[in-house]
Amino acid sequence: MSREQILENTYLTCLPSEKFKTGFLSAQMILPLAEETAALDALLVNVLNRGTQRYPSMEAVSARLDELYGARLEPTVRKIGESHVVGLAASCVDDRFLPGEERLLEPLADLMGEMLLHPAQEDGGFVESYVDSERNNLVDLIESEINEKRAYASKRLIQEMCAGEPFGVSRLGAAAQAGAITRADLDGHYRTVLPRARLELFYCGSAPEERVKGLFRRAFADRPQGEPYALPPVSRRRAPAQPRLVEEAMDVSQGKLCLGFRAEGDDIPAGMLMSAMFGGTSNSKLFLNVREKLSLCYYASSAYYRRKGLLTVSSGIEFANYQRAVDEIFAQLEALRRGEWEEWELAGARSALLNSLRMMEDSAGAMEDFHMQQAVAGEEESLQALASAIEEVTPERVMAAAGQVRADTIYFLKGKEGQA
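Figured I'd write up the structure that's included with this text. (Residues numbered from 1 in each chain as written. Predicted model: local features only at pLDDT ≥ 70, side-chain atom pairs only at ≥ 80, totals over all residues. Heavy atoms only, no water.)

1. Brief notes about the sheet that holds strand E12 (residues 310-317)
In plain terms, the rule: A pair of strands is considered paired only if DSSP assigns at least 2 bridges between the two. Helical segments are the DSSP runs of H or I of at least four residues, strand segments are the runs of E of at least two, and each set is numbered from the N terminus. Comment: axis = line fitted to C-alpha atoms, over the contacting stretch for helices; angle = value between 0 and 180 degrees taken between N-to-C directions.
The mixed open sheet is built from five strands, whose spatial order is E9-E13-E10-E12-E11. Pairing within the sheet leaves two strands with one partner each, and these edge strands are strand E9 (244-250) and strand E11 (299-305). Put simply, the sheet's adjacent strands are angled 15° from each other on average, direction ignored. With seven bridges joining them, E11 and E12 adopt antiparallel strand pairing. Within E12, the position partnered with Ala303 by the bridge is Thr312.

Now the structure itself:
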């Protein structure tokens, strides 16, 4: 794996591999994540995906992809740390499996470059019907998030816990802001971000690195340049003296209980292993005790946002079990702090973590996401290095990591008055 600057404010991560039958390409703009611009970012990349000056419609783009042996190209919108990562991801048949000397990477990279730099135009700006259509799609998508209550509750926890921090901003922005975006707004935003965003390019496949550098340089050579965005490091805050309680009532038959913690330590491998033992696997303390043994939850799991230093718990409960569930979740964390676990619990969590890292190597998309996170964070740790670090974590380090976790916010999605 290598990463280097190939153009002004443009970096390429190249991952040579003959494991896959396809080549994977990615072009991502790294932008500051902010409440005022999140919906604009999300809308922009979807409008860019609608067509180019050479291929001015989705039908024309689709026909071009069909000519490239059914290559795929789609927009992506991610929140990585406190940056907004928006762009395009594409895949095509690896050249090894094509007849003769035919090549697909060059024309596919050219199409990506055209989408980003030379989008379909109308009267000197974006095609208004494309903006209207994608704006409506974005609003519908944002508003539909409430229909999946488990994901909605987890999102609301982060919003409340990280209010005032970029990390609390949704990757899609707010529906009200999305619905108010005009074509003029989007045109102006595009002209602002295109020259200033850091462009992160990624390739995974069997093509030689020099060839990949050349095709990306050609595809993005005419990107305008401006003052690059300053992307500050991810901020970390301390938890309040007492956790905040946020309750929301809806017409739901099952309560959604989410807890947010601030992890004040910086031993990331130990934090990852601690979270896996706490609620990251089917052999975790939350699953075996809170769910299986005590039947307090329909589900219970934890997630660790290692660079932000956050630990969250997501669970589904009967309304009447709220306090018992909260108390037992805290009790299981306390057991980790005291080292009250069997040897197999640590071994099982470590094995599960290492297996999840190994599984990433079986997906070019997963590898791209891992390395994009590294690039955004300004790190160059490999999967192998992270796996080795996890293997070296001692029980004492797990206890120390758990001991540095402080409760920040409790979010409870409950039923409306009268629901039992």
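Having seen it, we continue.
2. Things to note about empty space enclosed by the protein
To keep things clear, this is the line we draw: Think of a 1 Å grid over the protein atoms and nothing else: a 1.4 Å probe that fits but is trapped marks a cavity, an open set flanked by protein within 12 Å on at least five of seven lines marks a pocket, and residues with an atom within 4 Å of a point count as lining. Grid points are joined across faces, edges and corners, and a volume is the space filled by probe spheres set on the points. In this classification, Asp, Glu, Lys and Arg are treated as charged, Ala, Val, Leu, Ile, Met, Phe, Trp, Tyr, Cys and Pro as nonpolar, and every other residue, Gly included, as polar.
On inspection of all chains with the given rule, the structure shows two cavities of 30 Å³ or more. Approximately 60 Å³ is the volume attributed to the largest cavity. What lines the largest cavity is simply Met1, Arg3, Thr13, His371, Gln374, Ala375, Glu379, Glu380 and Glu381. For the lining of the largest cavity, the leading source of residues is helix H13 (residues 364-377), giving three residues. Among the residues making up the lining of the largest cavity, the classes are represented as two nonpolar, three polar and four charged. Its boundaries defined by the atoms lining it, the second largest cavity holds a volume of some 50 Å³. Considering the residues around the second largest cavity, the lining is formed by Ala263, Glu264, Gly265, Asp267, Gly271, Met274, Tyr304, Ala401 and Gln404. Taken together, the residues of the lining of the second largest cavity sort by class into four nonpolar, three polar and two charged.

3. With respect to the nonpolar core
Note the following rule: We call a set of buried Ala, Val, Leu, Ile, Met, Phe, Trp, Tyr and Cys residues a nonpolar core when their side-chain atoms join them within 4.5 Å. A simple rule labels every residue: compare its accessible area, found with a 1.4 Å probe on the protein chains alone, to the largest value its type can have, and call it buried under 20%, exposed over 50%, or partly exposed in between. In what follows, a contact means two residues having at least one pair of non-hydrogen atoms within 4.5 Å.
Ranked by size, the top nonpolar core spans 68 residues in total, and within it Leu257, Phe261, Met274, Phe278, Val398 and Tyr411 carry the most contacts. With seven residues, helix H9 (residues 268-280) is the single largest residue contributor to this core. In this structure, Phe261 is in contact with Met161, Gly309, Leu310, Leu311, Val313, Phe330, Leu333, Val405, Arg406, Ala407 and Asp408, ignoring residues within four places of it in sequence. Residues Met29, Leu31, Leu65 and Tyr229 belong to the second largest nonpolar core, which totals 62 residues.

4. Re helix H1 (residues 38-48)
Most of H1 sits out of view: 10 of its 11 residues are buried. All buried positions along H1 are accounted for by Ala38, Ala39, Leu40, Asp41, Ala42, Leu43, Leu44, Val45, Val47 and Leu48.

5. Some words on the pairing of strand E8 (residues 198-205)
Counted residue by residue, E8 has eight buried out of eight residues, so it is predominantly covered. Both faces of E8 are covered, namely the face carrying Arg198, Glu200, Phe202 and Cys204 and the face carrying Leu199, Leu201, Tyr203 and Gly205. Alignment of strand E2 (residues 10-16) against E8, held across seven bridges, turns out to be parallel. In the sheet register, Thr10 faces E8, and the bridge partner there is Leu199. Looking at chain direction, strand E3 (residues 22-32) and E8 are connected through seven bridges and run antiparallel. Counterpart to Met29 in the pairing with E8 is Leu199.

6. Focus: unusual backbone geometry
Phi is positive for Asn9, which is not a glycine, with a value near 55°. Its location among the elements puts Asn9 in the loop between strand E1 (2-7) and E2. If you check the backbone angles, Ser295 has positive phi at about 55° while not being a glycine. For Ser295, the location among the structural elements is in the loop between helix H10 (285-293) and E11.

7. Some words on the side chain of Glu248
As a reminder of what qualifies: Side-chain atoms alone can form a polar contact between residues adjacent in sequence; in general such a contact is a pair of N or O atoms within 3.5 Å, and within protein one must be able to donate a hydrogen while the other accepts it.
Along the chain, the position of Glu248 falls in strand E9. A polar side-chain atom of Glu248 sits 2.7 Å from a polar atom in the side chain of Tyr152. Apart from residues lying up to four places away in sequence, Glu248 is in contact with Tyr152, Arg156, Tyr411, Phe412, Leu413 and Lys414.

8. Quick look at the layout of surface pockets
Considered as a void within the structure, the second largest pocket measures approximately 410 Å³ in volume. Around the second largest pocket sit 23 residues that line it, and Glu35, Gln159, Gly168, Val169 and Ser170 are the ones nearest its centre. Put simply, the parts of the chain that give the lining of the second largest pocket at least two residues each are helix H4 (128-144), helix H5 (149-161) and helix H6 (175-179). It is H5 that contributes the most residues to the lining of the second largest pocket, four residues altogether. For the lining of the second largest pocket, a count of residues per class yields 10 nonpolar, six polar and seven charged.

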